[in-house]
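Structural overview for review
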Amino acid sequence: MPTHTASGDDDTDCKKVKCIALTLDDGPAAPETATLLTYLAQYKARATFFTTGQNVAAHPDLVRAAARAGNEIGNHSWNHPDLTKLTPEQIASQLNRTNTAIKAATGKEPTLFRPPYGAINTQVRAATRLSPVLWDVDTEDWKYRDAAKVAQTVISKAEPNDVVLMHDIHPTSVAAVPQILRTLTARGYHFVTVSHLRATL
Ligand code: NI
């Protein structure tokens, strides 16, 4: 029998079915990320966590649990600066340090990064081999802190193959996830990682 990672078990073909990639930024946070993992597992859904290195160092167990469940771990810098305001050496340090922390927690180096604030330019792109990921739907969950509103935003705006931006450091955002999973699953959506979405489109 071939050995494979949990994420390799996902045979969802996003060319044939409707896919959506939930992305959770700025964590992991306790207990929010652990709660979110239980919701994802209930719906056999996967997500992508863009973690900061400082939070990975604080909660390596949560990052490991997320990865083991088939979720993807991406790099969101060490401590969330605007990368476009840093030198190339500082950008590389922010991303390399975080990659090292994620690899220490999960055994796997990330291949994706999300620049804090979505701030990116040619200098940031040139400083790393990681592939940048922005988003299609911005829930603005950090502003509203309202689970019903966050859920409604995703449910009303999401289209096939969209990347959705949320933050798993806010309890209200995590509380929105069951309704999102329940409603969009009923509409035929499959929740996949960003790398899975990109690989099967
Ligand atoms: Ni962020």
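Up top is the structure.
Residues numbered from 1 in each chain as written. Predicted model: local features only at pLDDT ≥ 70, side-chain atom pairs only at ≥ 80, totals over all residues. Heavy atoms only, no water.

Looking at the coordination of the nickel ion
- Taken together, the protein donors to the nickel ion comprise Asp26 (OD), His76 (NE2) and His80 (NE2), at separations of 2.0 to 2.1 Å.
- Counting along the primary sequence, the residues that act as donors to the nickel ion give the motif D-x49-H-x3-H. Highlighted residues: Asp26 in the loop between β1 (18-25) and α1 (32-42) and His80 in the loop between β3 (72-75) and α4 (88-106), separated in sequence by 54 residues. (Donors = N, O, S within 2.8 Å, 3.2 Å for Na, K, Ca; no water. Helix = DSSP H or I, 4+ residues; strand = E, 2+ residues; numbered from the N terminus.)

Things to note about the side chain of Thr48
- Along the polypeptide, Thr48 turns up in strand β2 (residues 48-51).
- Residue classification places Thr48 among the buried positions, given a relative accessible area of 0%.
- Within the structure, Thr48 has its side chain in polar contact with the backbone nitrogen of Val194 (distance 3.0 Å).
- Apart from the residues lying within four places of it in its own chain, the contact partners of Thr48 are Leu22, Thr23, Leu24, Glu72, Thr193 and Val194. (Buried < 20%, exposed > 50% of the residue type's maximum accessible area, 1.4 Å probe, protein only. Polar contact = N/O pair within 3.5 Å; in protein donor to acceptor, adjacent residues only side chain to side chain. Contact = heavy atoms within 4.5 Å.)

Looking at the pattern of salt bridges
- Across all of its chains, the model carries five salt bridges by this definition.
- Ionic pairing is found between Asp82 and Lys85, a salt bridge with its closest N-O pair at 3.2 Å.
- Classification of Lys85 by relative accessible area gives exposed; the value is 66%.
- Glu140 serves as the salt-bridge partner of Lys143, at 3.0 Å between the closest nitrogen and oxygen.
- The partly exposed category is assigned to Lys143, whose relative accessible area is 44%. (Salt bridge = Lys/Arg side-chain N within 4 Å of Asp/Glu carboxyl O.)

Side note on the packing of α1 against helix α3 (residues 60-68)
- For the pair α1 and α3, interaxial distance at closest approach is 10 Å and the crossing angle is 15°. In this view, α1 runs roughly parallel relative to α3, as classed from their interaxial angle. Where α1 crosses over α3, the handedness of that crossing is left-handed. Here Thr33, Ala34 and Leu37 of α1 lie close against α3, whose contacting residues are Leu62, Ala65 and Ala66.
- Tallied by class, residues from the contact of α1 with α3 come to five nonpolar, one polar and no charged. (Axes fitted to C-alpha atoms, helices over the stretch in contact; angles between N-to-C directions. Parallel < 35°, antiparallel > 145°, perpendicular 65-115°, else oblique. Left-handed = near helix turned anticlockwise from the far one by under 90°. Nonpolar A, V, L, I, M, F, W, Y, C, P; charged D, E, K, R; others polar.)

A few points about the pairing of β3
- Because side chains alternate across β3, one face comprises the buried residues Glu72 and Gly74, and the other comprises Ile73 and Asn75, equally buried.
- Across four bridges, β2 lies against β3 in parallel orientation. Counted as the bridge partner of Thr48 is Glu72 from β3. (Pairing = 2+ DSSP bridges.)

A look at the packing of aromatic side chains
- In this structure the tally under the stated criterion is zero aromatic pairs.
- Arg97 extends its terminal NZ or CZ atom over the ring of Trp78, reaching a point 3.9 Å from the ring centre.
- Sitting over the face of the ring of Tyr144, Lys149 holds its NZ or CZ atom 4.4 Å from the ring centroid. (Phe/Tyr/Trp six-rings, centres within 6.5 Å; stacked < 30°, edge-to-face > 60°. Lys NZ or Arg CZ within 6 Å of the ring centre and 35° of its normal.)

Function cannot be read off these values alone, since they describe shape.
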